[in-house]
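What follows is the residue order along each chain.
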Amino acid sequence: MLTSCLGEGDLDCDPKENGLTIKFLYNINWDFKNKLPEVLDFIDLYIYKESGELYRHVHLTREELVASDYTYYTILPDGMYDLVTWMNNGDCYYKENIDLFADASVRIIDDGQQNITENTTSLYYGYVDRQSDEVYEEENARIEIVDGKYTPQPLIINFAKNTNHINVYAQFDRLVHEDGAVNVQISGKNGVCNSYNRAPKIEESNDVSRSTDYIYTYTPHKLDTLYNDQGYYFTQISRITTQRLWQNDDIDLSIILQEPGRLDRELVPKDKRKLTELIMKHPAYFNNFMIERQDVYNIVFQFNLASGAWTMVDVIVNDWHLVKQDLNDVGIW
C-alpha cells in the first residue's frame, strides 16, 4: 500500500477517472511556500453526510502521506458531503462531538479552570484552497459526488496554523519594585473551534455561567528579563502561546503591575487591550488571511514614569510603531 495510493473501494486505485482525490498542502504562512513536509505529523479527515452525520473518519499518518505524495483517494456514494480536516490534532486538544457536523469541535486542554500555561503544540485547520484571500474562508469544504466522481480533481486542502506565539515585551524606563510583579495574560473565546474554525456561538440562556463557557485565559509559559534594552532600563518578556486570532474576535490582552503597598495597576488602557485589533494596526495584517499567515507576534509596550504614574508612550508590533507619543501628548492611536 505504501508504494501505491491511499484509498478503499477501488482495487486499481486509479484516482484519475472516479472517486475523490484530495491533495494536501500548507502554504498559508508568511513565506507562502508549501511547508507541509516540515510540520506534518498526521492528518484527521472527517467526512460528513448532507444530513450532518459522520460518514467516515480517516486518520492519515505521516508515513502514509509521504508515500502518496500528500494525497488521499477514496470512493464515495453519490451525494453531498462536508469535509473537516485537522492536522496534528494531538494530545493538547480534545475532539468533541465528532459524530455530528454541527456539534463537532476541537478544544484545547486546560487546567480545569480554563487556564492555559503551556507552550501547546501547533494545530492546523484545512481550508479549500482559494486564489483570493478575500474568500478563502467564506464556506466550508462542501463537495458533491456525481456518477461516482468529484469534479474537478483533485480537491486541494490548504492548511493554516491556528496556534500563535505572542511575545509581550513590557519595557520600563526604570526598575519596578524588586518585590513587585508584571503579570501578562491573554483571554478570549478562542480555546475551542467548530467545523468552520470559529468559536461556537453560545445560545442565550438563563444560566449566567454559560457566558464563560468558551473563555480561556493564557498566561506565560516562559518569562525572560533584559536590562538596558532599546534604551529601557528594565524589560520583561512574557512568552504566551494562544490559539486562533481573527478579526473582531474580542481577544483581550492585559498587563497588570503589582507592587507592595499599592493597588494593582492595569498598564494598558481598556480601549487598547483588544489583541487582534492591535495587531491589525500593522499594515501587513489587514485581514483574516494575513493574520493566519503569521503566527509569531512580538509586541512591545513602552512605559515611562511621570508624576508617579506609568504612562504608555509606545506600542510596537513586529517593528511597527503604533503610538510613539510625547509624555505631554497622551493620545490614542
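Keep in mind that this is a model prediction, so the values were computed, not measured.

Q: Outline the environment of arginine 273, listing residues and values.
A: Along the chain, the position of arginine 273 falls in the loop between strand E19 (265–266) and helix H3 (275–279). As for arginine 273 and isoleucine 255, which are separated by 18 residues in sequence, their C-alpha atoms are 9.0 Å apart. With sequence-adjacent residues up to four places away left out, arginine 273 is seen in contact with Ile251, Asp252, Leu253, Ser254, Glu266 and Val268.

Q: Hey, could you go over the nonpolar core for me, with residue numbers and the actual values?
A: A general tendency of soluble globular proteins is for nonpolar side chains to be buried together. Ranked by internal contacts, the top residues of the largest apolar core, which has 55 residues, are Phe172, Ile255, Leu275, Ile299, Phe301 and Phe303. With 27 residues, the next largest nonpolar core counts Ile22, Ile43, Ile145 and Ile157 among its residues.

Q: Residue-level account of the packing of aromatic side chains, with values.
A: Scanning all chains against the criterion turns up 16 aromatic pairs. Here tyrosine 125 and tyrosine 127 contribute two aromatic rings whose centre-to-centre distance is 4.8 Å and whose plane-to-plane angle is 70°, an arrangement assigned as edge-to-face. On the basis of relative accessible area, tyrosine 125 is assigned to the buried category, the value being 3%. Three or more aromatic residues joined by ring pairs make a cluster, and in this case those are Phe172, Tyr227, Tyr233, Phe234, Phe301, Phe303 and Trp310.

Q: Which residues make up a negative patch on the surface, and what values do they have?
A: A surface patch of like charges, here negative, comprises Glu50, Asp78, Glu144 and Asp147. You can see glutamate 144 is positioned in strand E10 (residues 141–145). Note on glutamate 144: relative accessible area 43%, which makes it partly exposed.

Q: Residues and numbers for the confidence of the model for the protein chain, please.
A: In the predicted model, the protein chain carries a mean pLDDT of 88, and the fraction of residues at 70 or more is 87%. Note that residues 326–333 has pLDDT below 50 and, in this model, 17 contacts with residues that lie over four places away or in other chains.

Q: Talk me through a nonpolar patch on the surface; I want residue IDs and the actual numbers.
A: Taken together, the side chains of Leu175, Tyr227 and Tyr233 make up a nonpolar region of the molecular surface, amounting to roughly 310 Å² of accessible area. With respect to the helices, strands and loops of the structure, tyrosine 227 is situated in strand E16 (residues 222–229).

Q: Any details on unusual backbone geometry? Residues and values, ideally.
A: Negative phi characterises most residues that are not glycine, and trans characterises most peptide bonds. A cis amide bond, omega 0°, links threonine 151 with the succeeding residue proline 152. Among the structural elements, proline 152 can be located in the loop between E10 and strand E11 (155–161). The omega angle of the peptide bond from glutamine 153 to proline 154 is -15°, so this bond is cis rather than trans. One non-glycine residue, asparagine 318, lies in positive phi territory at about 45°.

Q: Any details on the sheet that holds strand E21 (residues 309–317)? Residues and values, ideally.
A: The strand order E16-E17-E12-E20-E21-E22 describes an open sheet built from 6 strands, whose pairing is mixed. Each edge of the open sheet carries a strand with a single partner, namely E16 and strand E22 (320–321). Inspection of the sheet shows E16 paired to strand E17 (residues 232–242) by 7 bridges, in the antiparallel sense. Bridge pairing in E17 places leucine 223 opposite serine 238.

Q: I'd like to hear about the pattern of salt bridges, residue by residue, with values.
A: Tallying each qualifying case throughout the model produces 16 salt bridges. Notably, a salt bridge pairs aspartate 250 with lysine 274, separated by 3.2 Å at the nearest N-O pair. Highlighted residues: aspartate 250 in the loop between E17 and strand E18 (252–258) and lysine 274 in the loop between E19 and H3, separated in sequence by 24 residues. Of the charged contacts in the structure, one is a salt bridge between glutamate 266 and arginine 273, with a shortest N-O distance of 3.9 Å. One network of salt bridges, in which partners are shared, links Asp250, Asp252, Glu266, Arg273 and Lys274.

Reading the values: rules and limits
- Residues numbered from 1 in each chain as written.
- Predicted model: local features only at pLDDT ≥ 70, side-chain atom pairs only at ≥ 80, totals over all residues.
- Heavy atoms only, no water.
- Helix = DSSP H or I, 4+ residues; strand = E, 2+ residues; numbered from the N terminus.
- Contact = heavy atoms within 4.5 Å.
- Core = buried A, V, L, I, M, F, W, Y, C linked by side-chain atoms within 4.5 Å.
- Buried < 20%, exposed > 50% of the residue type's maximum accessible area, 1.4 Å probe, protein only.
- Phe/Tyr/Trp six-rings, centres within 6.5 Å; stacked < 30°, edge-to-face > 60°.
- Patch = residues over 30% accessible without salt bridge, like charges linked within 9 Å, V, L, I, M, F, W, Y side chains within 5 Å.
- Areas by Shrake-Rupley, 256 points an atom, 1.4 Å probe, with all protein chains shown as cover.
- Salt bridge = Lys/Arg side-chain N within 4 Å of Asp/Glu carboxyl O.
- Lys, Arg positive; Asp, Glu negative; His and termini not counted.
- Charge placed at Lys NZ, Arg CZ, Asp CG, Glu CD.
- pLDDT = per-residue confidence, 0-100.
- Pairing = 2+ DSSP bridges.

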